[in-house]
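# Notes for the structure review
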Amino acid sequence: MTEHGELRQILPHGAPMVLLDRVELVEPGRSLRAVKTISGSEPCYLSLPAGLPRRRWAYPVSLLLESFGQAAAVLWASRAGRLGGADTVLMFAAARDCAFPGQAYPGDLVRHEVTLEHTVADAAFASGSSWVGDRRIASYGSLVAVVRPASVLPAMVGAR
Amino acid sequence: MSAPRFAAPLSAVDELDARSADGRLLLSVRKHVVADDPYLPAHFPGRPVYPGVFILETVRQAVSAALGEVGGAVADLASVAALRFVGALRPGESLWVEAAVGAAGPDGGIPVEARCRRADGSDVARLKLEFRYPATDD
């Protein structure tokens, strides 16, 4: 079990971009189960007018994908150590064959099931799915994350 | 463009131009990245970068706005066949997107291909997606 405070140490993201609440189960370097609670008080709901139809309150796919990607990064870190430091940057590089047949809403607990397919020096390949209860809301054929030295991204160095 | 009327991490489209050609809808989209965009100070602290998933969000909002509401429902991203992020945008830069929205297939899937660049023309991302109107907007 990895609690939220520890996840904030592992991931280079700050709040509110840390989109995982807890890791429930990890087989280091192989598989992981993580959860995220969807809350109506998250920034993605703040400017939404009251009274819109339910479907408009579906958690954005972009953030769901990011949340799953962070779970994959934590799984990678369970084998490789901390990801992204002062002189490196963790980047979401690619995805393939992902489907989003369901939605999550405020009040739902999203569960990510992640498998680390393989890693090379600075890249990790993961697959898996996201669930609300027994409903699969997303499947991910392949996600690729890379860690790059900040020096190869000159546009980002020193940005404030 | 006005803020989306569905949950979204930020208002991810500043300018949207849509025109029809050869049975497709061609979109030109601009998003100017600013340091105080929601979530941006957290991605990453001290080194803000427009997240790759926000590039996806820019395309999502542009396509859904261009397609418009049908029976009170908006089209949403249903699948990602492939996407690749090759560059990063920092505050002060603009994201330029050219997207082609095809006709809906027999199963309702609407194919979208998008190419994203910086102002200097350098590649930032390529996306191959499918959108769909929900069966019911309950």
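On a predicted model such as this, the values are computed, not experimentally measured, just so you know. (Residues numbered from 1 in each chain as written. Chains lettered and ligands numbered in written order. Predicted model: local features only at pLDDT ≥ 70, side-chain atom pairs only at ≥ 80, totals over all residues.)

## A few points about the overall build of chain A
What chain A contains, in helices and strands, is two helices and six strands. Over its C-alpha trace chain A gives a radius of gyration of 16 Å, about what one expects of a compact globule, namely 15 Å for 160 residues. Taken over the C-alpha atoms alone, chain A extends approximately 50 × 35 × 30 Å along its principal axes. Counting every position in chain A, which comprises 160 residues, the buried fraction comes to 38%. Long-range pairs, those at least 24 residues apart, make up 63% of the contacts in chain A with a sequence separation of at least 6. (Helix = DSSP H or I, 4+ residues; strand = E, 2+ residues; numbered from the N terminus. Rg over C-alpha atoms; globule rule 2.2 N^0.38 Å. Buried ≥ 20, exposed ≤ 12 C-beta atoms within 10 Å, placed from the backbone. Contact = placed C-beta atoms within 7 Å.)

## Details of the confidence of the model for chain B
With 98% of its residues at a pLDDT of 70 or more, chain B has an overall mean of 94. Reported confidences for the modelled complex are a pTM of 0.95 and an ipTM of 0.96. (pLDDT = per-residue confidence, 0-100.)

## Describing helix α1 (residues 52-67) of chain B
Residues and elements named next belong to chain B. For α1, spanning 16 residues, the distance from its first C-alpha to its last is 23 Å, which sits close to the expected 22 Å at 1.5 Å a residue. Counting buried positions over the 16 residues of α1 gives 15, a clear majority of the element. Looking one or two residues past α1, G68 carries a phi angle of roughly 80 degrees, positive in sign. (Expected span 1.5 Å × (residues − 1).)

## Details of the interface of chain A and chain B
Often, the extent of an interface is quoted as the loss of accessible area upon association of its parts. Across the contact, 40 residues belong to chain A and 41 residues belong to chain B. Elements supplying a minimum of two residues to the side of chain A that touches chain B: α2 (61-80) and β3 (88-99) of chain A. The dominant element in the side of chain A that touches chain B, judged by the number of residues it contributes, is β3 of chain A, at nine residues.

## Some words on the confidence of the model for chain A
All names here are of chain A. On average, residues of chain A score 90 in pLDDT, and 90% of them reach the 70 mark or higher. When pLDDT is averaged over each element of chain A, strand β2 (residues 31-37) comes out on top at 98 and β3 at the bottom at 92. Residue range residues 154-160 is modelled with pLDDT below 50. Its contacts to residues more than four positions away, or to other chains, number 15 contacts.

## Regarding the nonpolar core
Core analysis: the largest hydrophobic core is formed by 89 residues, its most contacted members being A72 and V74 of chain A together with I55, V59, A62 and A99 of chain B. Here the element with the most residues in this core is α2 of chain A; it accounts for twelve residues. With sequence-adjacent residues up to four places away left out, A62 of chain B is seen in contact with V13, L16, L27, V29, V97 and A99 of chain B. (Core = buried A, V, L, I, M, F, W, Y, C linked by C-beta atoms within 7 Å.)

## A closer look at the environment of A104 of chain B
Within the secondary structure, A104 of chain B sits in the loop between β4 (94-101) and β5 (110-117). Spatially, the C-alpha atom of A104 of chain B lies 33 Å from that of D37 of chain B, the residues being 67 residues apart in sequence.

## Observations regarding α2 of chain A
Along its 20 residues, α2 of chain A runs 28 Å from first to last C-alpha, staying within 8% of the 28 Å computed at 1.5 Å per residue. Burial analysis of α2 of chain A places 17 of its 20 residues in the buried class, which makes it a mostly covered element.

## Brief notes about the sheet that holds β2 of chain A
Taken in spatial order, the twelve strands of this open sheet run β1(A)-β2(A)-β4(A)-β5(A)-β6(A)-β3(A)-β3(B)-β6(B)-β5(B)-β4(B)-β2(B)-β1(B), and their pairing is antiparallel. The open sheet has two free edges, formed respectively by β1 (22-27) of chain A together with β1 (15-21) of chain B, since each of these has just one partner strand. Shown here is a sheet whose adjacent strand axes are inclined to one another by a mean of 25 degrees, direction ignored. In terms of strand pairing, β3 of chain A meets strand β3 (residues 76-85) of chain B through five bridges, oriented antiparallel. Bridging across to β3 of chain B, A94 of chain A finds its partner in R84 of chain B. Its contacts with the sheet place α1 of chain B against β3 of chain A together with β1, β2 (24-32), β3, β4, β5 and β6 (123-132) of chain B, and it is angled at close to 50 degrees to β4 of chain B. (Pairing = 2+ DSSP bridges. Axes fitted to C-alpha atoms, helices over the stretch in contact; angles between N-to-C directions.)

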